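Read off the chains here:
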Amino acid sequence: MDNTSPHDTLPAGLAMALANDPEGLDRFLSLPPRGRQALVARARQARSKEEMQTLVAELRS
């Protein structure tokens with residue numbers, strides 16, 4: 001049985017952006033749970049690939 005709720009999964013665009021940015025992925029994984037949740041919430045509001053890439057790039061700054 002899968003105990004994962006839809007709110008626990010990464011949006012596909014965020015997963016793709018993180019897969020293409022190893023440093024961003026490392027920073028994302030080092031965030032506390034609430035930080036990751038906040039970023040996922042922001043990612044759900046992104047309306048373009050560029051917005052998603054900007055979210056990930058902000059992790060590196």
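Draft legend 1. Structural context of the nonpolar core. Counting residues in hydrophobic clusters, the biggest one holds twelve residues: Leu-14, Ala-17, Leu-18, Phe-28, Leu-39, Val-40, Ala-43, Ala-46, Met-52, Leu-55, Val-56 and Leu-59. Residue assignment for this core shows that the elements contributing at least two residues are helix H1 (12-19), helix H3 (33-45) and helix H4 (49-59). In this structure Val-40 touches Thr-9, Leu-10, Pro-11, Leu-14 and Phe-28, once residues within four positions along its chain are discounted.

Draft legend 2. Focus on the packing of H1 against H4. It is at 9 Å that the axes of H1 and H4 come closest, and there the two elements cross at 50 degrees. Judged by the inter-axis angle, H1 sits oblique to H4. Where H1 crosses over H4, the two elements pack in a sense that is right-handed. Note on element contacts: H4 touches H1 through Met-52, Val-56 and Leu-59, opposite Gly-13, Leu-14, Ala-17 and Leu-18.

Reading the values: rules and limits
Residues numbered from 1 in each chain as written. Predicted model: local features only at pLDDT ≥ 70, side-chain atom pairs only at ≥ 80, totals over all residues. Heavy atoms only, no water. Core = buried A, V, L, I, M, F, W, Y, C linked by side-chain atoms within 4.5 Å. Buried < 20%, exposed > 50% of the residue type's maximum accessible area, 1.4 Å probe, protein only. Helix = DSSP H or I, 4+ residues; strand = E, 2+ residues; numbered from the N terminus. Contact = heavy atoms within 4.5 Å. Axes fitted to C-alpha atoms, helices over the stretch in contact; angles between N-to-C directions. Parallel < 35°, antiparallel > 145°, perpendicular 65-115°, else oblique. Left-handed = near helix turned anticlockwise from the far one by under 90°.

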